[in-house]
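Now for the letters of each chain:
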Amino acid sequence: MELLSNLSLGFDAVLTFQNLWYCFLGALLGTLIGVLPGLGPVATIAMLLPVTYGLPPLSALIMLAGIYYGAQYGGSTTAILVNLPGESSSVVTCLDGYAMARQGRAGAALGIAALGSFFAGTAATLLIAAAASPLAEFALRFGPAEYFSLMFLGLITAVALAHGDFFKAIAMVALGLTLGLVGIDVNSGVERFTFGLPELSDGVSFVALSMGLFGVAEILANLELREKREVFTQNIGSLLPSRQDLRAAFKPVLRGTLLGSALGILPGGGAVLSSFTSYTLEKRLAKDPSRFGKGAIEGLAGPESANNAGAQTSFIPLLVMGLPSNAVMALMVGAMMIHGVVPGPQVMTERPELFWGLIASMWLGNFFLVLLNLPLIGIWVRLLKVPYRLLYPVVLVFCCVGVYSVSNSVFDVGLALFFGFVGYLFLKLGCEPAPLLLGFVLGPMMEENLRRAMLLARGDASVFFTRPISCTLLVLCIALILLLAWPQARKARETAFQEG
Amino acid sequence: MTKDQGMTHRVAIVLLGLFAAIAHAAPEAQAVWPTRPIKLIVPFPAGGPTDIVARPFAEALSAFLKQPVVLENRGGAGGTIGAAAAAKSAPDGYTFLLGTVGTQAINPALYPKLAYNPVKDFKTVAILAAAPVALVANPAVPASNIAELAALAEKRPLRFGSAGNGTPGHLTGELFKTASGVALTHVPYRGSAPAAQDLLGGHIELMFDPLQSVLAYVKAGKLQALAISSAQSVAALPSAVTFLQAGVKVETAAWWGIFAPAETPDAIVAQFAKAIYGVRDTAVVKALEDIGLLLQTPRDSRQLEEFLLAEREKWGKAVRDSGAGID
């Protein structure tokens, strides 16, 4: 019953004309940038952050959250119709979604993607509403030792689930950890790898790094491609999937929702990991795995639900612990601080209308997305006809504006361009930038908490195993490492992504 | 990059034209200040404690001066990036720095190579507000005052968190250790929020932090305030005892002020100072007292200089004694 009264408090807060409008606007913007290749939610949220200063905190957060899950939806549309992942989490959607479109079943594919995402979004919203309170109680028991073990698990998961070459993934994580060392060390106050530049003393700017590696690098790589895109606008077919499609998609949607919800909660989790893992799982469970990559509806329905569920539950660590689990959540922390809300366990008790309002808005946002996506597909597709020679300069300018606006620093814009070239090299070498970014984010937090835990325990390293939560997490880490080292599991992991 | 400069160049030409036109239209522009928006460089990110002081003042001053006072957040390196940028700005009375105890008093001792000189590069306009540093404890710690704390520290190791190395909270903690002889271990965090979270969870026993960041927890009974570092008790928490009252010679405050590039005309500095004292009683600024800040600060220029001199001396010594220097 408490769940219902909390949710009704949330809906009370959200159901004002202004909040509904910002929810709609966020979903719309998110869909738009999801459809546009290259421009992701990180760049968009960074850019729109200053715009939200003048808004009440709840409206601002509702809009930013809407952009985030809107982008998950929009990305699928482009992936299915033109085989271009508008979003990194929709890379797997390309595999079977695009194949379905080529068979003239684009309508069914888009319909399944939208309905699966809506189901996952609804389920994840309910999960957050039901489990957030107990999780907040639990969160205060997390001290430095527990955080260290949690971050460690996040890093291992990032390596385990990254696609492509296993050793490259490890190398990228290591590179991310190294980049994370730059700046003044919190514990000793010593400057590391700053080359005497005051701009580097707070570390490499996260926004500059991510914008360079993803945005700028993507544009550079696309410059090589000739403009020859097949667009399946003529024959989208019926939007409603057949009864048979729905039956085939039902179980993958359920599994994807569960998997996505669980992975979203982990730091280092979120939408990207969820969709890749779900694809692996569906392929392994299928009676005839050879259908995958040739238009298997399970390969579309599972990941699509998983990425949306993961996108949503990744709010749990942020809302109850103040711990950002991915780049977008890190930006949300900044957004909350600007509005005088310190993310952490106290938000739920001190600002219940904000907390439950944000949760209620997630369901509304998902509802708006279904309304938007099904009828507006024709318009999105027309947007894709904008030639790249016009689109890319605009995207590049947006990226630079986004980086500059974070701390009014030209140095950071230069840094983003530098990492753009580095990211281009990574693409050529077949190295995924995602593990690097996770290493960069988790590494410094891990080091900080490791040293703090040691300081608190007066140098006694056994503290990581004598505290029950920390010990459980470390046991999970060891299990995962053993699983990775097990040759058969590694082989399965590699074949799952060969089509990618 | 070159494109960027070209663009700036063109914008600059357009702006120059505009200014020339304005100058012609109003030959006595020098006497009338301000005639265009004033930029206030905040050397910390938006949303932080410094930003929280800056915004109400900017709002009140905009209304008072009838020209927008625009904040530009240029965070990084403990405020040195923003302070250095302000020091190099044109001294035309349209760019000022929102300096802090960090940028104007602590940093010279903390950073061996500082890109600006807090004494020579700036003129002091006014001190806006100050905040006492509070010593707070987790309610489970069996000590409700300094004497009980000192007795407890004899029996078991106690740790205190701070918002980071070289922050007013950390250095006040070091001053407290020296003045009282109580042994405590310092645990630095990345900002106030994570330290407060570990304190609430009981992973550390104590924390030294400016009052406004912990006041909400104290009022909710989730933390207990053992002492505050101001000379007198504060309106926001009248029950709190000062260190001096508890017999420990510690008196510190975190503070925020407005500083002008050194060559800024005296007339403009005086006019801006007058405006600042003029808005002190407006509702938006008064609201800062509710969150634990003190608005009664030194006013005439001689008092101001004495205050700044004493501050630099006090914090400089604290940095050297604690060995907190950054190298």
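Residues numbered from 1 in each chain as written. Chains lettered and ligands numbered in written order. Predicted model: local features only at pLDDT ≥ 70, side-chain atom pairs only at ≥ 80, totals over all residues. Heavy atoms only, no water.

### Some thoughts on the overall build of chain A
At step 1: Looking only at helices and strands, one finds 22 helices and 2 strands in chain A.
At step 2: In chain A, buried positions account for 58% of the 500 residues.
At step 3: Put simply, of all contacts in chain A between residues at least 6 apart along the chain, 79% involve residues at least 24 apart.
At step 4: In the structure as shown, chain A presents an accessible area of about 19,800 Å², 69% of it carried by carbon and sulfur atoms. (Helix = DSSP H or I, 4+ residues; strand = E, 2+ residues; numbered from the N terminus. Buried < 20%, exposed > 50% of the residue type's maximum accessible area, 1.4 Å probe, protein only. Contact = heavy atoms within 4.5 Å. Areas by Shrake-Rupley, 256 points an atom, 1.4 Å probe, with all protein chains shown as cover.)

### A few points about the domain arrangement of chain B
Where the parts come together, the accessible area they lose is often given as the size of the interface.
Residue and element names in this part refer to chain B.
At step 1: When the domains of chain B are assigned, the result is domain 1 (38–130 + 254–322) and domain 2 (133–228).
At step 2: Centre-to-centre, using C-alpha coordinates, domain 1 lies 27 Å away from domain 2.
At step 3: Every contact between the two is made by 14 residues of domain 1 and, on the other side, 12 residues of domain 2.
At step 4: Taken together, both faces of the contact between domain 1 and domain 2 bury some 1,000 Å²; the carbon and sulfur share is 74%.
At step 5: The three residues of domain 1 that bury the most area against domain 2 are Ile 291, Trp 315 and Ser 322, which together make up 34% of that side's buried surface.
At step 6: If you look at where domain 1 meets domain 2, you find 0 salt bridges. (Domains from an automatic or database assignment. Buried area = accessible area lost by both parts, 1.4 Å probe. Salt bridge = Lys/Arg side-chain N within 4 Å of Asp/Glu carboxyl O.)

### Remarks on the packing of aromatic side chains
Residues and elements named next belong to chain B.
At step 1: Within the structure shown, the criterion is met by 19 aromatic pairs over all chains.
At step 2: Ring centres 5.2 Å apart and planes at 80 degrees place the aromatic pair Phe 160 and Phe 208 in the edge-to-face group. Of the two residues, Phe 160 sits in strand β6 (residues 159–162) while Phe 208 sits in strand β8 (residues 206–210), which places them 48 residues apart along the sequence.
At step 3: Judged by centre distance (5.5 Å) and plane angle (50 degrees), the ring pair of Phe 176 and Phe 243 falls under tilted. Of this pair, Phe 176 sits in helix α6 (residues 168–180) while Phe 243 sits in the loop between β9 (224–228) and β10 (254–261), and the two are 67 residues apart along the sequence. Assigned by exposure class, Phe 176 and Phe 243 land together as buried. (Phe/Tyr/Trp six-rings, centres within 6.5 Å; stacked < 30°, edge-to-face > 60°.)

### Overview of the environment of Leu 437 of chain A
At step 1: Inspection of the secondary structure puts Leu 437 of chain A in helix α19 (residues 433–456).
At step 2: Taking the C-alpha atoms as reference, Leu 437 of chain A lies 5.9 Å from Gly 176 of chain A; in sequence the two are 261 residues apart.

### Remarks on empty space enclosed by the protein
Residue and element names in this part refer to chain A.
At step 1: As enumerated under the stated definition, the model contains 2 cavities of 30 Å³ or more in all.
At step 2: Quantified by volume, the largest cavity comes out at close to 90 Å³.
At step 3: Thr 77, Leu 110, Ala 113, Ala 114 and Asn 373 are the residues nearest the centre of the largest cavity, which is lined by 12 residues in total.
At step 4: Taken together, the elements giving at least two residues each to the lining of the largest cavity come down to α4 (57–82), α6 (106–139) and α16 (352–383).
At step 5: Across the lining of the largest cavity, the residue classes tally to 7 nonpolar, 4 polar and 1 charged.
At step 6: Taken as a whole, the second largest cavity encloses approximately 40 Å³ of empty space.
At step 7: Every residue along the wall of the second largest cavity is listed here: Met 211, Val 216, Cys 399, Cys 400, Val 403, Val 413, Ala 416 and Leu 417. (1 Å grid on protein atoms, 1.4 Å probe; cavity = no way out; pocket = protein on both sides within 12 Å on 5 of 7 lines; lining within 4 Å. Points joined across faces, edges and corners; volume = space filled by probe spheres on them. Nonpolar A, V, L, I, M, F, W, Y, C, P; charged D, E, K, R; others polar.)

### Comments concerning the confidence of the model for chain A
At step 1: For chain A, the mean per-residue pLDDT works out to 78, and 77% of the residues sit at or above 70.
At step 2: Of all secondary-structure elements in chain A, the lowest mean pLDDT belongs to helix α22 (residues 487–496) of chain A, at 58, while helix α18 (residues 410–429) of chain A reaches the highest, 91. (pLDDT = per-residue confidence, 0-100.)

### Some details on the environment of Lys 287 of chain A
Residues and elements named next belong to chain A.
At step 1: Relative to the elements of secondary structure, Lys 287 occurs in the loop between α11 (271–285) and α12 (297–313).
At step 2: The exposure class of Lys 287 is exposed, given its relative accessible area of 88%.
At step 3: When the C-alpha atoms of Lys 287 and Ala 217 are compared, they prove to be 39 Å apart, with 70 residues separating the residues in sequence.

### Side note on the sheet that holds β10 of chain B
All names here are of chain B.
At step 1: Pairing in this open sheet of 5 strands is mixed, and the strands run β2-β1-β3-β10-β4 from one edge to the other. The sheet is open, and its two edges are formed by β2 (69–73) and β4 (122–131), each paired on a single side. The mean inter-strand angle of the sheet, taken between neighbouring strand axes irrespective of direction, is 25 degrees.
At step 2: In the packing of helix α2 (residues 49–65) onto the sheet, the strands contacted are β1 (38–42), β2, β3 (95–100), β4 and β10, and the crossing angle to β2 comes to about 160 degrees. (Pairing = 2+ DSSP bridges. Axes fitted to C-alpha atoms, helices over the stretch in contact; angles between N-to-C directions.)

### Some details on the pattern of salt bridges
At step 1: Overall, the coordinates contain 21 salt bridges over all chains when judged by the stated rule.
At step 2: Between Lys 123 of chain B and Asp 266 of chain B there is a salt bridge, with the nearest N and O atoms lying 3.1 Å from each other. With Lys 123 of chain B in strand β4 and Asp 266 of chain B in helix α9 (residues 266–278), the pair connects residues that are 143 residues apart, well separated along the chain.
At step 3: Given the relative accessible area of 55%, Asp 266 of chain B is considered exposed.
At step 4: Among the ionic pairs, Arg 156 of chain B bridges to Glu 205 of chain B, the shortest N-O distance being 3.6 Å. With Arg 156 of chain B in the loop between α5 (146–155) and β6 and Glu 205 of chain B in the loop between α7 (192–200) and β8, the pair connects residues that are 49 residues apart, well separated along the chain.
At step 5: Residue classification places Arg 156 of chain B among the partly exposed positions, given a relative accessible area of 33%.
At step 6: Exposure remark for Glu 205 of chain B: the relative accessible area of 7% places this residue in the buried category.
At step 7: Residues participating in the shared-partner salt-bridge network are Asp 185, Arg 192, Glu 447 and Arg 451 of chain A.

### Points about the pairing of strand β7 (residues 185–188) of chain B
Residues and elements named next belong to chain B.
At step 1: Sheet topology places β6 next to β7; 4 bridges connect them, and they run parallel. Paired with Gly 161 across the bridge in β7 is Val 187.
At step 2: Between β6 and its parallel partner β7, the chain crosses via α6, and the hand of that crossover is right-handed. (Right-handed = clockwise from strand over helix to strand, strands pointing away.)

### Topic: the nonpolar core
At step 1: Counting residues in hydrophobic clusters, the biggest one holds 63 residues, and the most contacted among them are Phe 57, Phe 96, Val 125, Phe 272 and Ile 276 of chain B.
At step 2: A total of 8 residues in this core trace back to one element, the largest contributor, which is β4 of chain B.
At step 3: Not counting residues up to four positions away in its chain, the partners in contact with Phe 272 of chain B are Trp 33, Leu 61, Leu 65, Phe 96, Val 125 and Ile 258 of chain B.
At step 4: Counting 50 residues, the second largest nonpolar core, distinct from the first, contains Ala 311, Trp 356, Ile 359 and Ala 360 of chain A. (Core = buried A, V, L, I, M, F, W, Y, C linked by side-chain atoms within 4.5 Å.)

### A short note on the packing of α2 of chain B against α9 of chain B
How two helices pack is summed up by the angle between their axes together with the distance between the axes.
Residues and elements named next belong to chain B.
At step 1: α9 packs onto α2 with a crossing angle of 115 degrees between their chain directions and a minimal axis gap of 9 Å. Our classification of the angle between α2 and α9 gives roughly perpendicular. Two packed elements cross with a definite hand, and for α2 against α9 that hand is right-handed. Here α2 contributes Phe 57, Leu 61, Phe 64 and Leu 65 to the contact with α9, which in turn contributes Phe 272, Ala 275, Ile 276 and Gly 278. (Parallel < 35°, antiparallel > 145°, perpendicular 65-115°, else oblique. Left-handed = near helix turned anticlockwise from the far one by under 90°.)

### Structural notes on the sheet that holds β9 of chain B
Residue and element names in this part refer to chain B.
At step 1: Spatially, β7-β6-β8-β5-β9 is the arrangement adopted by the 5 strands of the open sheet, whose pairing is mixed. Two strands in the sheet have a free side with no partner beyond their single neighbour: β7 and β9. The mean inter-strand angle of the sheet, taken between neighbouring strand axes irrespective of direction, is 30 degrees.
At step 2: The sheet contacts of α6 involve β5 (133–137), β6, β7 and β8, and relative to β6 the element is tilted by about 150 degrees.
At step 3: Across the sheet, helix α8 (residues 211–219) touches β5, β8 and β9, and the angle it forms with β8 is around 125 degrees.

### Looking at helix α21 (residues 468–485) of chain A
Each full turn of the α-helix corresponds to 3.6 residues, which orients residues three or four apart in the same direction.
Residue and element names in this part refer to chain A.
At step 1: Helix length check: α21 (18 residues) gives 26 Å between terminal C-alpha atoms against 26 Å at 1.5 Å per residue, within 8%.
At step 2: Residues Ile 469, Ser 470, Leu 473, Leu 474, Cys 477 and Leu 484 constitute the buried set of α21. Buried residues of α21 fall within an arc of 130 degrees about the axis and therefore sit on the same side. Away from its buried face, by an angle of more than 90 degrees, α21 presents the exposed residues Pro 468 and Leu 482. (Expected span 1.5 Å × (residues − 1). Arc of directions from axis to C-beta.)

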